[in-house]
Structure formats: structure tokens, C-alpha cells
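Chain and residue survey
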Amino acid sequence: MISTLPTDCLNKIFECLEKDKATLHSCLLVNRLCCRISVEILWRNIWDFKCIDQIMRTLIDCLPNESKDLLINNGVTSIPISNPPLFNYVSFCKVLSIPHLLIGYCTYIEILTKDPKNYLIIQEILKMFMKQISSLKKMDFCFFEDDYDYYYSFYEKYNFLNFINFPGANDCLKNLSELICDSYINSEFFLQLSKICHNINSLVIKFEETVSVVGINDLIFCQNNLKSISFTCNNGRDIFDNDILNCFKASTKHSNTLTELFLYGISLPSTFTKIIFSNLRALKLVFSINVDTLIKFLVNNGKNLEELSVFRCDNNSLNLAIANYCQNLKSLYIHFPSNGIEELKMIFVNCQQLESIITSCGYTHLSGKRLLELVAKYSPKNFHELKLREANLNSKDHLESFFSSWKDRIPLKPFSLIINGNGKDPLNNNIIRKLVEKYKGLGVIKKFENSNK
């Protein structure tokens, strides 16, 4: 029956399976059409596969004859002799990961990168990517921390970023929508990229000791519709040094288009408190939290937020500001001090769209038992998910009391409770399992997870 369906219809069906790799793999053997459609989807992002060595072999098989001749003439002996591939696999690729290409996780790639002559293989693969991929969507050259030393030595020997000058690079990169990079990449690379790429929607920059300020600023500034910015810094450098502040300054150009801002190890700059980010929907802050600056920022920008994450910060003044200025929140990740009951109540009362909370319990925070009581009594009608770390629930009675109270909610919305660690007294899984089954049968529980990690 599947063979009678129009190709357009099959394409739409298979698109729904993009994240279901196992099912797509099973479709490879149905017929040639299903195989081609499956391969086209599977090869969009080849770097997610565990068999990177096999992917590399296939990429080498796909090299044009002139590239293979160049490699052989330069003494590269690791070129496999095989039949031409069934499809032009490279043309299906939409993601380029430089770290995986250079280093990867397997012995085969280590052989490629450790032999200087074999660097030519990387060069020819990049040349093939630039020429045969009509429109790359995502590019990643942010290296894994464990590989920095090797990367630096490799970078000193070979300018592997010269692929931006290869034939076809302009067409390949002009519609790039997602970029992940380190700040120490050569400024010239960023400057060239800023002349080609003007449609990046999502930008992730990991700041290191060296920052290509001019190039990064130009790249940020020249985007037409930048929606997501992520700045991370975990090397201990001054969070308000001029390099990072200049990048923040360039970001303000996108105050009308930005929908997501993620800062790891970097505080919000005070200049942001004076700017209206009219479409900001998600704000995620990890470490280096300046509470006063954040509160001032929320005064102007909290009303449109739907998601707010503030990692490792328990402050009643901040929680009160959330209740007053972030009344359209759907998801909240925050900590509540042990004396923060009233602030949590206010969040529940004022934030009527709230659906989910992630928080930690423990000695300085509200206990898991008290949190469940407050959720059952005060949470708004759309609320249906709670994720707890170190919940400190000492018996099944605490859970049963909550489930029993939730059963009487009108309207009843099945609840998801995820417990990640329960302190010194792990819950008895057998007893809890029976309790969960009972309330799942009553339509009270949608999902329950209990991990002692």
C-alpha cells in the first residue's frame, strides 16, 4: 500500500519520523523511494550517530575523483577502494560539526587527525561540503574541553577554517540559521562569516581567554532576525570585561527580535535594565546572578516571559519580583528559601498561566512535603508538573496526601512529578510503585519518576 502513496505524501509522513531514528532505519529496506527519503532525513545531522567511523568512511567514498587523486598523490594511503555510493549523501547534510570531524570519539578519526598527511582528508571533505551542500542550516565549531590542548596544537599547524574560502562556500553558508562557536576563533573568520551569513536565528558563543571581539561583534550586529543568544563563560575571567560587554552592546540591536537569552557564568549587564526586549519569551541564567540587576530587568521585561530559569539563587526579593512582574510565566526554575512560603503563594496567585516548576529542596529551602502542600492548595488551574531535587519526602504518606488532594481538583489535570534525589532517606520503590499505579488508574498521575541519583 505504501508504494501507491504520492511522493509528496510520503515525504510528509517521513518528516514526522525525523526524531525516530529506529523507525527511519527500518524504512531503508522497504523500497528505493522509501530508502531515499529515509536517507535524506537521516543524513541531515550525521554527527548524532554513534558509528562516526563508518560515517567518515562513507564521506571519503563520496569524495570526487579529483580529491581522491590529490590524496593518493600526496601519500595518503588510508583511502578505501569501493564502489560509488548509492546516493549523493553529502548533499543531504544540513549540519557541519568541526569538532566531530577533526577529533570525534573513535580510533578511525584519531588516525585521520594524528597523521599530518591525513589532514588533507579533512580539507577535501570540507571542500566537498561547501560545494555540494546547497544550504547548510547549522554549524558547530565549539570544542570539547578535554580536547582543547590537542585542538590548539592542531590549529597552529593547519588552518582548517579556510573552508570559508572554498568554491561554493557563499551559497552553502548564506542561509545558516544556527551557529555554535568558541570566542578564540580567528577574527578574520568571523569577519568573513559576517559578510556571508545574515540570517542566523540562534547564536551560541563560548567565551575563552582569547576573544575575537571585532569579528564576533560584526557577526552579531549584521544579523537580520536573531532570536536566540547564548553566552557561556566558565574559565573564571572577569564577567564584565570589555570583550563581553561589547558583545552585549552588539546584541541590543536585536531587542525587538530576541526571544531567548541564556547566560552561563555571566551576569546580566546593567545596561540591559534600560532596554525593552519586546519579544523575549525565555530567560535562563546559570551562576553569577546579580539579583538587583535581574529584578530591574524583570520590571521592564518580565511581562512577556513564558520561561524563566535562575539556577542556584534563593532570594525572596527576587521571587516577589517574579510574582509581580512575570505574570505570564508557564515554566519556572527557581529556588525557594525555607521562609519563602508567602512568595511562592504570590507566584501561584499572580502567575495564572504557570504550568511547571523546577526547584530544589534541602536544609535552606522549602521542604518537599511543604512544597507539595502549597502546590495542591494554591497552584493555578493550568499547573501540572513539578520537578524536585533533594525532595526529602520521608514516607509514602507525603505523596499519598498530595495525590489525594490533587484528585479533588476541578478541573482535574493529570500531574507529572519527577523526583531527582530524596536526601538521606530514599523512597521505597515497591511501595511507591503500587501507590502510583493506583492514582494513574484514577487519572490523577500522568508521569512519575523517582531517581536517587
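No experiment lies behind these values; they were computed from the predicted model shown. (Residues numbered from 1 in each chain as written. Predicted model: local features only at pLDDT ≥ 70, side-chain atom pairs only at ≥ 80, totals over all residues. Heavy atoms only, no water.)

Points about the overall build of the protein chain
Counting its secondary structure elements, the protein chain contains 19 helices and 13 strands. By residue count, 49% of the 453 residues in the protein chain fall in the buried class. Carbon and sulfur atoms provide 50% of the accessible area of the protein chain, an area that totals close to 21,400 Å². (Helix = DSSP H or I, 4+ residues; strand = E, 2+ residues; numbered from the N terminus. Buried < 20%, exposed > 50% of the residue type's maximum accessible area, 1.4 Å probe, protein only. Areas by Shrake-Rupley, 256 points an atom, 1.4 Å probe, with all protein chains shown as cover.)

Topic: the packing of helix H4 (residues 52-62) against helix H8 (residues 119-132)
Taken N-terminus to C-terminus, the directions of H4 and H8 make an angle of 70°; their axes are 10 Å apart at the nearest point. In terms of orientation, H4 and H8 fall into the roughly perpendicular class. In terms of crossing hand, the pair formed by H4 and H8 is left-handed. Taken together, the residues of H8 that come into contact with H4 (itself represented by Met 56, Leu 59, Ile 60 and Cys 62) are Ile 121, Ile 122, Ile 125, Met 128 and Phe 129. For the contact of H4 with H8, the class distribution of residues is 9 nonpolar, no polar and no charged. (Axes fitted to C-alpha atoms, helices over the stretch in contact; angles between N-to-C directions. Parallel < 35°, antiparallel > 145°, perpendicular 65-115°, else oblique. Left-handed = near helix turned anticlockwise from the far one by under 90°. Contact = heavy atoms within 4.5 Å. Nonpolar A, V, L, I, M, F, W, Y, C, P; charged D, E, K, R; others polar.)

Some words on the pattern of salt bridges
Tallied over the entire structure, the rule returns 13 salt bridges. Put simply, Lys 284 and Glu 307 hold a salt bridge, and the shortest N to O gap is 3.6 Å. Here Lys 284 is found in strand S7 (residues 282-286), whereas its partner Glu 307 is found in strand S8 (residues 307-311), with 23 residues between them in sequence. Lys 369 is the salt-bridge partner of Glu 373, the closest N and O atoms lying 2.9 Å from each other. (Salt bridge = Lys/Arg side-chain N within 4 Å of Asp/Glu carboxyl O.)

Comments concerning the packing of aromatic side chains
Ring pairs (aromatic) are described by centroid distance and by the angle formed between their planes. This model, assessed by the stated rule, comprises 22 aromatic pairs. Centre to centre, the rings of Phe 311 and Tyr 333 are 5.8 Å apart; their planes meet at 80°, and the pair counts as edge-to-face. In this pair, Phe 311 is assigned in strand S8 and Tyr 333 in strand S9 (residues 331-333), connecting sequence segments 22 residues apart. Between Trp 406 and Phe 415, the ring centres sit 4.6 Å apart and the planes meet at 65°, which makes this aromatic pair edge-to-face. With a relative accessible area of 0%, Trp 406 lands in the buried category. Through a chain of ring-to-ring contacts, the aromatic side chains of Phe 348, Phe 383, Phe 402, Phe 403, Trp 406, Phe 415, Tyr 439 and Phe 448 assemble into a single cluster. The aromatic ring of Phe 166 is capped on one face by Lys 127, whose charged end is 5.6 Å from the ring centroid. One cation-aromatic arrangement involves Lys 253 over Phe 221; the distance from NZ or CZ to the ring centre is 5.1 Å. (Phe/Tyr/Trp six-rings, centres within 6.5 Å; stacked < 30°, edge-to-face > 60°. Lys NZ or Arg CZ within 6 Å of the ring centre and 35° of its normal.)

Here's the deal with the packing of helix H18 (residues 396-407) against helix H19 (residues 429-441)
Interaxial distance between H18 and H19 falls to 11 Å at its minimum, and their mutual angle equals 5°. It follows that H18 is roughly parallel to H19 by the angle criterion. Only Ile 431, Ile 432, Leu 435, Lys 438 and Tyr 439 of H19 make contact with H18, whose side of the interface consists of Lys 396, Leu 399, Glu 400, Phe 403, Ser 404 and Lys 407. The residue makeup of the contact of H18 with H19, split by class, is 6 nonpolar, 1 polar and 4 charged.

What about the nonpolar core?
In summary, soluble globular proteins display a tendency toward joint burial of nonpolar side chains. Grouped together as the largest cluster of nonpolar side chains are 141 residues, with contacts concentrated most on Leu 59, Met 139, Phe 163 and Leu 173. The leading source of residues in this core is H8, at 9 residues. When neighbours within four sequence positions are excluded, Phe 163 is seen to be in contact with Leu 96, Ile 98, Leu 126, Met 130, Met 139, Ala 169, Leu 173 and Phe 189. (Core = buried A, V, L, I, M, F, W, Y, C linked by side-chain atoms within 4.5 Å.)

Observations regarding H19
Spanning 13 residues, H19 covers 18 Å between terminal C-alpha atoms, matching the ideal 18 Å at 1.5 Å per step. Within the sequence span of H19, burial applies to Ile 432, Leu 435, Val 436 and Tyr 439. All buried residues of H19 lie within an arc of 100° about the axis, which places them on one face of the element. Residues of H19 that are exposed and point more than 90 degrees away from the buried face comprise Lys 434, Glu 437 and Gly 441. Just past H19, the residue Gly 443 takes up positive phi, approximately 80°. (Expected span 1.5 Å × (residues − 1). Arc of directions from axis to C-beta.)

None of the figures reported here should be taken as evidence of function without further support.
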